[in-house]
Amino acid sequence: MTAAAIPLAQAQAAEWGTLTGKFVVQGKVLPPAVQFPAGVCGGGPILDETLLVGPKGELKNVAIWIAPNRDEIAPLPHPDYQKLVGAPIFLDNLACVFVPRLQVIWTARPVHFRNRDPIAHNYRIDGFNKTINALVTPGVVQIHTFEDQEPVPMPVSCSIHPWMRSWLLIRDSPYAAATAADGTFTIENLPAGTWTFAFWHEPNGYLTGLKIGEVTTNRRGQCQITIEPDKVTDLGEILVQAKHLK
């Protein structure tokens, strides 16, 4: 049974909680390098967005998701998520940059690959389950629904403009997030209980050896976190050493 097909009454029988936290880099990080000068697609200089850190160490684009082990039952989606089934998720071309750099995809929702530039782009997605290579001319939208989740974020590239890069975190559960520019993330309406979560960031992939509360992530960037019913589980500041982001 897919997540989108779970009966509403069954989902309503569960208890729910929220997970939040903030990723902060400790140590010096160089500012993003210029990948391409101004004038392309009408925008300014194009910066390397592999590592984006705010003025106080705020780390953007960390991927967080529930990654159930074989002995864990896949989580049921809260009724509020059921309302989103079929609603589009967008990945844009804007000034020769993919926006956003990291997009979270729930397989119950279609993805609209849009081109808002005056020139053509292509979306090449090299997934473990499927490879997509679609040309998108100006003003055109390509719509795709992913049938299967991917174990880690999948790269998106444009062969016409090789500096363009993005990532899709494709999961069959809505319980996933990407940190914002201030390093924070929130996943609401999680089923109460102890779940395995995975943590990933573009420069190094799995965030291994990461201290989260009283636990440490393993070689696959995973650790178990308990979600309490009707409460916000706040992980506080999660510190990432700059020397590990190479």
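Residues numbered from 1 in each chain as written. Predicted model: local features only at pLDDT ≥ 70, side-chain atom pairs only at ≥ 80, totals over all residues. Heavy atoms only, no water.

(A) Quick peek at the sheet that holds strand E13 (residues 165–171). Strand order in the open sheet formed by 5 strands is E7-E13-E12-E9-E10, and the pairing between neighbours is mixed. Each of the sheet's edge strands pairs with one partner strand only, and the pair in question is strand E7 (102–106) and strand E10 (131–136). Each neighbouring strand pair of the sheet contributes to a mean axis angle of 20 degrees, computed without reference to strand direction. In this structure, E7 lies alongside E13, joined through 5 bridges in parallel fashion. Paired with Trp-106 across the two strands is Arg-171, which belongs to E13. (Pairing = 2+ DSSP bridges. Helix = DSSP H or I, 4+ residues; strand = E, 2+ residues; numbered from the N terminus. Axes fitted to C-alpha atoms, helices over the stretch in contact; angles between N-to-C directions.)

(B) Main features of the confidence of the model for the protein chain. Looking at the protein chain as a whole, its pLDDT mean stands at 90, while 93% of the residues score no less than 70. The low-confidence segment residues 1–13, where pLDDT is below 50, has 19 contacts with residues more than four positions distant or belonging to other chains. (pLDDT = per-residue confidence, 0-100. Contact = heavy atoms within 4.5 Å.)

(C) Molecular detail of the pairing of E13. Most of E13 sits inside the fold, with 6 of its 7 residues counted as buried. Summarising the sheet, strand E12 (residues 154–157) and E13 pair through 4 bridges and their orientation is antiparallel. Each bridged residue has a counterpart across the sheet, and for Met-154 the counterpart in E13 is Leu-168. (Buried < 20%, exposed > 50% of the residue type's maximum accessible area, 1.4 Å probe, protein only.)

(D) Examining unusual backbone geometry more closely. The linkage connecting Val-99 with the following residue, Pro-100, adopts the cis geometry, with an omega of 5 degrees. Residue position: Pro-100 is located in the loop between strand E6 (98–99) and E7. Phi angles above zero are rare outside glycine, and Cys-96 is one such case at about 60 degrees. Structurally, Cys-96 is set in the loop between strand E5 (89–93) and E6. Take Cys-96: its relative accessible area is 1%, and that puts it in the buried class. Of note, Asn-189 is a non-glycine position whose phi angle comes to about 55 degrees, a positive value. Within the secondary structure, Asn-189 is located in strand E15 (residues 184–191).

(E) Representation of the side chain of Ser-173 in the model. Tracing the backbone through its elements, the reader meets Ser-173 in the loop between E13 and strand E14 (176–178). Of the polar contacts made by the side chain of Ser-173, one reaches the backbone nitrogen of Tyr-175; its length is 3.0 Å. Ignoring sequence-local partners within four residues, the contact set of Ser-173 consists of Pro-75 and Trp-106. (Polar contact = N/O pair within 3.5 Å; in protein donor to acceptor, adjacent residues only side chain to side chain.)

(F) Geometry of empty space enclosed by the protein. The tally for this structure, following the rule as stated, stands at 1 cavity of 30 Å³ or more. Lining the largest cavity we find Gln-35, Ile-46, Leu-47, Glu-49, Cys-96, Val-97, Phe-98, Arg-101, Trp-163, Met-164 and Arg-165. (1 Å grid on protein atoms, 1.4 Å probe; cavity = no way out; pocket = protein on both sides within 12 Å on 5 of 7 lines; lining within 4 Å. Points joined across faces, edges and corners; volume = space filled by probe spheres on them.)

(G) Region of the structure containing the nonpolar core. With 33 residues, the main nonpolar core has Trp-65, Phe-113, Ile-125, Phe-146 and Leu-168 as its most contacted residues. With 4 residues, E13 is the largest single contributor of residues to this core. Ignoring any residue separated from it by four or fewer positions in sequence, one finds Trp-65 in contact with Pro-151, Val-152, Pro-153, Leu-169, Arg-171, Tyr-175, Ala-176, Thr-196, Phe-197, Ala-198 and Trp-200. If you look at the next biggest cluster of nonpolar residues, it comprises 31 residues, including Trp-16, Leu-59, Trp-106 and Ile-187. (Core = buried A, V, L, I, M, F, W, Y, C linked by side-chain atoms within 4.5 Å.)

(H) Here's a closer look at the packing of aromatic side chains. With the rule as written, the count across this model stands at 8 aromatic pairs. Ring centres of Phe-23 and Phe-199 lie 6.0 Å apart, and the angle between their planes is 50 degrees; this geometry places the pair in the tilted category. Residue Phe-23 is located in strand E1 (residues 16–26), and its partner Phe-199 is located in strand E16 (residues 193–201); the two are separated by 176 residues in the primary sequence. For the residue pair Phe-23 and Phe-199, the accessibility class agrees, reading buried in each case. Joined through ring pairs, the aromatic side chains of Phe-23, Phe-185 and Phe-199 make up one cluster. Between Arg-114 and the ring centre of Phe-90, over which it is positioned, the NZ or CZ distance is 4.0 Å. (Phe/Tyr/Trp six-rings, centres within 6.5 Å; stacked < 30°, edge-to-face > 60°. Lys NZ or Arg CZ within 6 Å of the ring centre and 35° of its normal.)

(I) Quick look at the environment of Ile-64. Considering the arrangement of structural elements, one finds Ile-64 in strand E4 (residues 62–66). Classification of Ile-64 by relative accessible area gives buried; the value is 0%. Taking the C-alpha atoms as reference points, Ile-64 and Ala-178, separated by 114 residues in sequence, lie 6.3 Å from one another. When residues no more than four places from it in sequence are discounted, the contact partners of Ile-64 are Phe-23, Leu-169, Tyr-175, Ala-176, Ala-177, Thr-179, Phe-185, Ile-187, Phe-197, Ala-198 and Phe-199.

(J) Up close: the pattern of salt bridges. This model, assessed by the stated rule, comprises 6 salt bridges. Residues Arg-114 and Asp-92 are paired through a salt bridge, measuring 2.6 Å at the closest nitrogen-oxygen approach. In this pair, Arg-114 sits in strand E8 (residues 111–115) while Asp-92 sits in strand E5, placing the two residues 22 residues apart along the sequence. Taking the relative accessible area as the measure of exposure, Asp-92 reaches 7% and is therefore buried. A salt bridge links Glu-228 to Lys-231, with the nearest nitrogen and oxygen atoms 3.3 Å apart. Look at the salt bridges and you will find they share partners, linking Asp-92, Arg-114 and Arg-116 into a network. (Salt bridge = Lys/Arg side-chain N within 4 Å of Asp/Glu carboxyl O.)

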